Amino acid sequence: MSKLTKSKILLNRQCPRRLWLQVNRPELAIEDESSMARFRDGNAVGDIARKIHPGGIFIETLNKDKALSQTAEALQGATVPIFEAAFIADDVLVRVDLLLPDAKGYRLVEVKSSTSMKEYHLEDVKVQSWVMSRAGMTPTRVALAHINSSFVYPGYANYQGLFSEVDLTEEVAVPDEVNEWVESAKATLSLKDEPDTKPGSQCSSPFECSFQEHCAPQEMDVEYPVSILPYGKALASKLKSEGYKDLREVPAERFENPKHIRVHRSSLSGLPELDDEATQLVQALAYPRYYLDFETIAFAVPVWANTSPYTQLPFQWSCHVEDAQGNITHQEFLDTTGSDPRRAFAESLVNVLGEGGPIVVYNAPFEGARMKELATYFPDLSTALLAAVDRLFDLLPIARNHYYHPDMKGSWSIKAVLPTIAPELNYSNLLVGNGGMAQDAYREIIDTKTGDEKRKQMHEGLLKYCEQDTLAMIKITHAFSGVKN
């Protein structure tokens, strides 16, 4: 039977089947972007947490026996902070983020990259405290350190104030509860066969499970599963329980939501639907028309002065400009120097947008919020930036309220809509094919360890991706207005 760790116990708390699969069939996991982002942010946050407690000992080895030995040795030496200290009790191994010297020993601090304490964090520190106490070293205090979202990075590698601590000493003193968790996890790992846990709310809480495709595979012969109903998770679940698989099998009278009615009707007919109102709204747009898209990065640990954790910081824009004669030009901005790009971004944006004409975007609250933030950062540009916000025209609600194609399968994202209008624009052929990949590419470019050739490839990939987003808006606008692309 596999040795238990804190992570495995928490997996079992979410779903025994997930723990069993993680240990016995890890190849079945499909990790999503959010899981990888949490892992990346966790590493960055952990690194800073160690740096703000200088003079500590980092138990860096991943080897269990070496980690336990090095921890024991560190505890016998000078009283200094210990990072990733290892403890084992009742066949449960834990690694403690921070052991910080206290008046009567060491206090335990678990570090998280979230901006507040979550309920599952308490379970996390309960397990660690339980193991430490059983190993003969009860922590004097127990705390959780999370990101302080109001922290403003002053620069010069000064991260004092990045974390806020929540004292959990009293809350973790429930040993019997942890005993039950440990025994339950051991029972799961003792099973020869996979537990038959049915899919449910635990598949996405507190985290998305990486085994969902294994536990609840999509019906291969179902073209329009009931799960495509937008904002219809409860109804889809009910329909599934009644034996419906394909949306087209469901009687029309079962739907009350107008979007559900449209999705059902279009799926049955196999034909797209476009309301006249969409055509009227788009045809009314004046010229010149500016088709605009941003790319942003959000660092858990700020890297530029006067920025805060998880703030969306724009580093790239693409803009196609269309005049009344149908002539289209393209301009773009991308700063990959690794320096704060906001000033140059804002100045170049103001220059390209001019003083009149609609600015067409896909999800105006996003671009609008970024421009308002830039107006706050740079007061001398605020008048032009805020004037641009007033000119935004959002294609997303037009599509969501007035257009549907069966191939969209319940989604109005630009990547779902575009293939139904301009299939020749294919994101799968791009080196950078979505927003998550764009953030990853940008991180790689500004990493000093990245080679010149790789940096050049990523730079070109970002330019092509952002340009395609604004070209996509032209295609969608023309289609909605009845213009053949």
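Remember, it's a predicted structure, so these values are computed and weren't measured experimentally.

Draft legend 1. Quick peek at the overall build of the chain. Secondary structure assignment for the chain yields 17 helices and 14 strands. Here the chain, with 485 residues, has 48% of them falling under the buried criterion. Positive and negative side-chain charges in the chain, numbering 50 and 67 respectively, have mean positions lying 3 Å apart.

Draft legend 2. Summary view of the environment of Tyr-310. Residue placement: Tyr-310 occurs in the loop between β9 (289-297) and β10 (313-322). Each C-alpha atom, one on Tyr-310 and one on Leu-19, is 30 Å from the other, the two residues being 291 residues apart in sequence. Look past the residues within four positions of Tyr-310 in its chain and what remains in contact with it is Asp-41, Ser-113, Ser-114, Thr-115, Ile-147, Ala-298, Phe-299 and Ala-300.

Draft legend 3. Examining the packing of aromatic side chains more closely. This structure, assessed with the given rule, holds 12 aromatic pairs. Aromatic pair Tyr-120 and Phe-207: ring centres 5.0 Å apart, planes at 65°, arrangement edge-to-face. Taken together, the positions of Tyr-120 in helix α5 (residues 119-134) and Phe-207 in the loop between α6 (175-189) and α7 (212-215) put the pair 87 residues apart, joining distant regions of the chain. In this structure Phe-207 comes out as partly exposed when scored by relative accessible area, which is 25%. Judged by centre distance (6.2 Å) and plane angle (65°), the rings of Tyr-377 and Phe-378 are edge-to-face.

Draft legend 4. Quick look at the packing of helix α1 (residues 6-14) against helix α2 (residues 16-24). One way to put it is that α1 packs onto α2 with a least axis distance of 5 Å and a crossing angle of 135°. Classed by the angle they form, the pair α1 and α2 counts as oblique. Residues Lys-8, Leu-11, Asn-12 and Gln-14 of α1 form the contact with α2, whose own contacting residues are Pro-16, Arg-18, Leu-19, Gln-22 and Val-23. Per-class residue counts for the contact of α1 with α2 are four nonpolar, three polar and two charged.

Draft legend 5. Summary view of the environment of Val-226. Among the structural elements, Val-226 can be located in the loop between α7 and α8 (233-241). When the C-alpha atoms of Val-226 and Ser-237 are compared, they prove to be 8.3 Å apart, with 11 residues separating the residues in sequence. Contacts of Val-226, omitting those with residues within four sequence positions, involve Ala-236, Leu-239, Lys-240, Tyr-244, Lys-245, Asp-246, Leu-247 and Val-250.

Draft legend 6. Examining the sheet that holds β9 more closely. Reading across the sheet, the five strands line up as β11-β10-β9-β12-β13 and stay open at both edges, with mixed pairing between neighbours. Two strands in the sheet have a free side with no partner beyond their single neighbour: β11 (328-334) and β13 (392-394). Strand-to-strand, the axes of this sheet are offset by a mean angle of 25°, without reference to chain direction. When β10 meets β11, the two strands line up antiparallel, connected through seven bridges. When the bridges of β11 are listed, Cys-319 appears paired with Gln-331.

The rules behind each value
Residues numbered from 1 in each chain as written. Predicted model: local features only at pLDDT ≥ 70, side-chain atom pairs only at ≥ 80, totals over all residues. Heavy atoms only, no water. Helix = DSSP H or I, 4+ residues; strand = E, 2+ residues; numbered from the N terminus. Buried < 20%, exposed > 50% of the residue type's maximum accessible area, 1.4 Å probe, protein only. Lys, Arg positive; Asp, Glu negative; His and termini not counted. Charge placed at Lys NZ, Arg CZ, Asp CG, Glu CD. Contact = heavy atoms within 4.5 Å. Phe/Tyr/Trp six-rings, centres within 6.5 Å; stacked < 30°, edge-to-face > 60°. Axes fitted to C-alpha atoms, helices over the stretch in contact; angles between N-to-C directions. Parallel < 35°, antiparallel > 145°, perpendicular 65-115°, else oblique. Nonpolar A, V, L, I, M, F, W, Y, C, P; charged D, E, K, R; others polar. Pairing = 2+ DSSP bridges.

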